[in-house]
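# Observations on the model geometry
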Amino acid sequence: MSVPTIVGQKIPKKDAPLKATGGAIYIQDLKLPGMLYGRILYSKYPHARIVNIDTSKARELPGVRAVITAADVPNNFRFGFLKDNPPLKSGKVLSMRDEVAAVAAISPEIAEEALDLIQVDYEELPGIFDPMEAMKEGAPLVHEEFKSNVLKMPWKFVAGDVEAAKKESAFVVEDTFSTPWVTHCCLGTSGCIACFDTNNNLVMYSNTQIPSLAQNDFIEALKAFGHKNRKVRVIQAVIGGGFGSKLDTYAYEYIAILLAMETRKPVKIVFSREEEFFATSPRQCTVTKISQGCDKDGRLTFREMEMVLDNGAYTSWGATTPSVMMVPISSLYKVPNIHYTAKCVYTNNTYSQAMRGYGNPQATFAIESLLDQLAEKAGIDPVEIRRINANEPGELTPQNFKITSCGMKECIEEVVTRLNWKEKRGKHNGRGVGMAALIHVGGAARVYKSDGCGTIIKVDDNGKVDVITGSSEIGQGSETIISQIVAEVIGVPMDDINVINNDTDVCPWDVGAHASRTTFVAGNSALGAAKKIRAQIMEIAAKNLKESPESLDMQDGVIFAVHDKEKNITLSKVLRKAHYTPGGRMLVAEHFYDPPNENFDQTFRGNLSVSYAYGAHGAEVEVDRETGKVKILNYVAAHDVGKALNPMLLEAQIHGGGLMGIGYALGEKMVFEKGVLKNGNFLDYKMPTARDVPPVQAVIVETDEQDGPFGAKGIGEPGLVPTAPAIANAIYDAVGVRIKDLPITPEKILKALKEKEAR
């Protein structure tokens with residue numbers, strides 16, 4: 001292969017014109033013949049006993065085709081990570097988002113009207129909304145059958161001897177940090193259409209991020225519903241944002257299936273914006289106690305962390321985020337002694353789910369804020385303590401992560417230079433600079449038995465290439481990256497690549513769009529398939545040109561001898577010769593790439609990812625002492641990306657992640673009062689808008705990841721991981737107050753300034 005001409009280029013997203021012109025078909029746009037509209041009745045209380053449900057008036061409403069309750073759910077079916085969540089509730093409701101009944105009708109308006117006719121009698125029960133209170137002896141139990149509100153998931157990692165390290169440390173600091181619930185804010189709300197054929201096979205139209213895993217979940221549901229050995233096909237509509245919100249299956253999907261079973265019609269359920277806020281699962285809130293120490297030279301000696309997570313009433317993937325929190329806790333900087341525990345606690349609040357970074361932002365906020373406190377106590381510049389302890393290539397971390405490539409030091413230096421750190425640091429004049437670093441998985445993350453992705457490539461007689469991939473396009477640009485890789489390897493123009501990625505009947509298996517894995521895993525899968533199809537093409541072309549395959553190359557669909565470009569043949573001619581000869585053949589290749597990473601063992605050790613992504617963010621802020629308002633004057637986000645396959649898309653990911661992190665740092669918070677969401681709309685939920693975008697420098701630091709496709713790492717999530725501590729550290733440098741509870745609002749800054757003046 002010659003020097004890359006497509007990989008490494010700034011190529012706009014292939015799906016951008018379709019989305020920009022309104023041609024993309026979202027779940028909201030889909031309509032099937034005879035389709036009914038489903039709506040869900042939610043609980044009126046966060047914790048209550050259901051005394052009676054009367055659906056008779058709703059059933060009599062003209063246009064209503066079905067009304068179902070828990071009595072219509074066969075075999076006590078439950079879903080979720082711990083199978084603790086029935087799609088329709090009976091006996092008790094445990095949160096405000098609990099589904100009590102559902103309706104299918106010929107129009108959304110009639111379905112909504114029918115919900116008002118369902119009479120539910122409750123006996124309200126005392127709720128528990130604080131995980132600390134929920135852990136106390138005698139606290140009301142959310143699930144009586146479990147005998148405790150603490151989940152039986154013993155998250156614990158120990159390396160070395162923390163107590164001995166504490167005694168030997170020259171400097172020790174400790175503190176407590178907390179983070180709130182925040183939500184994904186996808187422009188495309190959640191939705192699905194469930195429909196059955198005459199043999200009770202299910203077709204599910206969905207905007208899920210995990211088509212293969214969702215297919216498995218729905219097969220299990222059909223078994224419970226009395227339809228064993230039935231086929232399930234998942235067809236993805238265009239996904240209007242995911243960020244982890246669509247990484248699990250939810251009650252509304254099972255309710256749509258039950259309504260479709262009942263009516264024998266396609267049933268569509270699409271969330272309103274209000275439902276998207278209160279009935280989908282946010283990033284979990286945390287309370288973190290942390291201590292860190294260093295020797296007299298600034299070398300980190302230990303890190304001790306104890307976290308409590310509000311699990312809410314049921315268990316989705318949010319309860320497993322302590323596993324990814326371990327990544328920075330064990331391996332951000334060189335720390336020889338680690339002690340970490342985490343508890344997930346049932347409450348009557350909403351239950352949590354995966355969200356971009358998967359626990360890493362919460363852990364990194366505590367680690368990187370306290371690292372600045374440690375540097376101050378030790379009398380070391382915050383940059384210097386990071387330089388001293390920075391990760392390096394070849395390192396084996398306490399959790400047995402094998403660090404191959406690592407650009408952490410280079411990222412730190414980019415921030416230092418671009419913020420003019422030496423000149424601007426330590427003025428305490430209302431302006432300040434701060435920094436934070438990150439580590440995240442960059443080469444997949446093995447949380448299932450398989451972490452793989454399949455690709456099939458077929459080439460037609462005219463040289464057009466269909467790439468059928470298991471990966472999902474959720475706006476991150478995977479179609480474009482995969483097209484670049486395949487076009488580069490085969491030697492055809494980008495426009496000749498067509499990516500098919502939305503149908504489990506057609507596409508190979510993939511574990512889903514999460515863990516920053518698509519470029520690395522789906523990219524390697526596409527790379528393998530493309531190499532195989534290229535080998536087939538060159539073999540046929542070599543016979544036609546009377547050359548060896550190794551002496552040939554291809555560019556723009558023309559195959560030529562490297563030593564004599566006049567000796568050439570077009571790809572389409574080669575393909576037709578292969579097809580239209582006796583015993584002809586069509587060119588098809590497949591490749592399944594399952595990365596050589598490891599599941600954790602019982603001590604939570606194992607090389608979770610083939611590669612690790614590093615970065616450093618820095619902020620220069622101005623704090624108004626009269627109002628407490630923070631203005632970001634300059635924001636630098638430097639990321640080790642391996643090799644940049646498409647700098648334009650990388651910069652977009654870094655910008656998007658950074659802005660999501662700024663929202664997390666300065667404004668976003670879901671306000672719950674006794675389980676009731678008080679700001680479930682875009683007017684009251686303070687996420688940044690285009691007017692709030694500060695100057696952002698997205699800096700690409702290239703290393704060469706040996707196992708990545710063309711040297712690349714995954715970069716989907718890291719962009720928001722260190723944002724909050726970088727801003728918190730800058731605010732401290734500006735006005736000398738440290739806010740340890742996100743978001744950092746003007747009210748908190750003013751309160752801290754007053755307390756500081758009073759001391």
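So, here is what we can say about the structure in this document. (Residues numbered from 1 in each chain as written. Predicted model: local features only at pLDDT ≥ 70, side-chain atom pairs only at ≥ 80, totals over all residues. Heavy atoms only, no water.)

## Details of the overall build of the protein
What the protein contains, in helices and strands, is 19 helices and 28 strands. Against the compact-globule benchmark of 27 Å for 759 residues, the protein has a radius of gyration of 27 Å, which places it among compact chains. Counting across all 759 residues of the protein, residues that qualify as buried make up 63%. For the protein, the proportion of contacts with a sequence separation of at least 24, taken over those separated by at least 6, is 80%. Entry remark: accessible area of the protein is about 28900 Å², with carbon and sulfur atoms responsible for 51%. (Helix = DSSP H or I, 4+ residues; strand = E, 2+ residues; numbered from the N terminus. Rg over C-alpha atoms; globule rule 2.2 N^0.38 Å. Buried < 20%, exposed > 50% of the residue type's maximum accessible area, 1.4 Å probe, protein only. Contact = heavy atoms within 4.5 Å. Areas by Shrake-Rupley, 256 points an atom, 1.4 Å probe, with all protein chains shown as cover.)

## A few points about the pairing of strand E13 (residues 286–294)
In terms of burial, E13 is a largely internal element, 7 of the 9 residues being buried. Relative to strand E14 (residues 300–312), E13 runs antiparallel, the two being bridged by 9 bridges. Looking at E14, one finds that Ser291 is bridged to Glu304. Hairpin connection from E13 to E14: 5 residues lie between these consecutive antiparallel strands, with Gly298 at a positive phi of about 90 degrees. (Pairing = 2+ DSSP bridges.)

## A short note on the side chain of Gln484
Tracing the sequence through the fold places Gln484 in helix H14 (residues 478–490). Since its relative accessible area comes to 0%, Gln484 is described here as buried. Reaching out from Gln484, the side chain makes a polar contact with the backbone oxygen of Ile6 at a distance of 2.9 Å. In this structure Gln484 touches Ile6, Val7, Gly8, Gln9, Ile11, Met494, Leu645 and Asn646, once residues within four positions along its chain are discounted. (Polar contact = N/O pair within 3.5 Å; in protein donor to acceptor, adjacent residues only side chain to side chain.)

## A word on unusual backbone geometry
Cis peptide bonds are those with omega within 30 degrees of zero, and the linkage from Leu742 to Pro743 qualifies with -5 degrees. By the secondary structure assignment, Pro743 is in the loop between helix H18 (723–735) and helix H19 (746–758). At Asn420, a position not held by glycine, the phi torsion is positive, near 55 degrees. Inspection of the secondary structure assignment puts Asn420 in the loop between helix H12 (408–419) and helix H13 (421–424). On the accessibility criterion, Asn420 (33% relative accessible area) is partly exposed. Phi at Ala444 is positive, roughly 75 degrees, even though this residue is not glycine.

## Side note on the sheet that holds strand E2 (residues 48–54)
The strand order across the open sheet formed by 3 strands is E4-E2-E6, and the pairing between neighbours is antiparallel. Taken across any chain shown, the strands that pair with only one partner, and hence form the sheet edges, are strand E4 (92–93) and strand E6 (119–124). Summarising the sheet, E2 and E6 pair through 6 bridges and their orientation is antiparallel. Bridge pairing in E6 places Ile50 opposite Tyr122.

## As for the packing of aromatic side chains
Tallied over the full model, the rule gives 20 aromatic pairs. Here Phe277 and Phe682 contribute two aromatic rings whose centre-to-centre distance is 5.3 Å and whose plane-to-plane angle is 75 degrees, an arrangement assigned as edge-to-face. Here Phe277 is found in helix H8 (residues 273–278), whereas its partner Phe682 is found in the loop between strand E27 (676–677) and strand E28 (696–701), with 405 residues between them in sequence. Classification of Phe682 as partly exposed rests on a relative accessible area of 36%. Their ring planes at 25 degrees and their centres at 4.9 Å tell us that Phe401 and Tyr612 sit as a pair that is stacked. With Phe401 in the loop between helix H11 (382–389) and H12 and Tyr612 in strand E24 (residues 612–623), the pair connects residues that are 211 residues apart, well separated along the chain. Clustering of aromatic rings is evident, with ring pairs tying together Phe77, Phe79, Phe218, Phe225 and Tyr254. Across the ring face of Tyr314, the terminal group of Lys89 is positioned such that the distance to the ring centre comes to 5.0 Å. (Phe/Tyr/Trp six-rings, centres within 6.5 Å; stacked < 30°, edge-to-face > 60°. Lys NZ or Arg CZ within 6 Å of the ring centre and 35° of its normal.)

## Concerning the packing of helix H10 (residues 360–378) against H11
Two numbers describe how H10 lies on H11: the axes approach to 9 Å, and their chain directions differ by 110 degrees. When the axes of H10 and H11 are compared, the pair comes out roughly perpendicular. Across from Glu368, Leu371, Asp372, Leu374 and Ala375 in H10, the residues of H11 making contact are Pro382, Ile385 and Arg386. Classifying every residue of the contact of H10 with H11 by side-chain character gives 5 nonpolar, no polar and 3 charged. (Axes fitted to C-alpha atoms, helices over the stretch in contact; angles between N-to-C directions. Parallel < 35°, antiparallel > 145°, perpendicular 65-115°, else oblique. Nonpolar A, V, L, I, M, F, W, Y, C, P; charged D, E, K, R; others polar.)

## A few points about the sheet that holds strand E20 (residues 552–555)
Pairing is antiparallel across the open sheet formed by 3 strands, whose spatial order is E20-E21-E22. Looking at which strands have only one partner, the edges of the open sheet turn out to be E20 and strand E22 (564–570). Sheet twist, expressed as the mean angle between neighbouring strand axes with direction ignored, is 35 degrees. Relative to E22, strand E21 (residues 558–561) runs antiparallel, the two sharing 4 bridges. The partner of Val558 across the bridge, within E22, is Thr570.

## Brief notes about the side chain of Asn149
Position of Asn149 relative to the elements: it lies in the loop between helix H4 (131–134) and strand E7 (155–159). The class for Asn149 is buried, based on a relative accessible area of 2%. A distance of 2.9 Å separates a polar atom in the side chain of Asn149 from the backbone oxygen of Pro140. Reaching out from Asn149, the side chain makes a polar contact with the backbone nitrogen of Val142 at a distance of 2.9 Å. In this view, Asn149 contacts Ala134, Ala139, Pro140, Leu141, Val142, Cys344, Val345 and Tyr346; residues no more than four positions away in its chain are not counted.

## Quick look at H10
Compared with the 27 Å implied by 1.5 Å per residue over 19 residues, the 26 Å span of H10 between its first and last C-alpha is a close match. Once H10 ends, the next one or two residues include Gly379, with phi positive near 70 degrees. (Expected span 1.5 Å × (residues − 1).)

## Points about the pairing of E24
For E24, the buried fraction is high: 11 of the 12 residues fall into the buried class. As defined by bridge partners, strand E16 (residues 431–441) adjoins E24 across 11 bridges and the pair is classed as antiparallel. Counted as the bridge partner of Arg431 is Glu622 from E24. In this sheet, strand E25 (residues 630–640) lies alongside E24 in antiparallel orientation, the contact comprising 10 bridges. Across the sheet, the residue bridging to Ala619 is Tyr635, located in E25. The hairpin formed by E24 and E25 contains 6 residues between the paired strands, and Gly628 there has a positive phi angle of roughly 80 degrees.

By themselves, these figures tell us nothing about what the structure is for.
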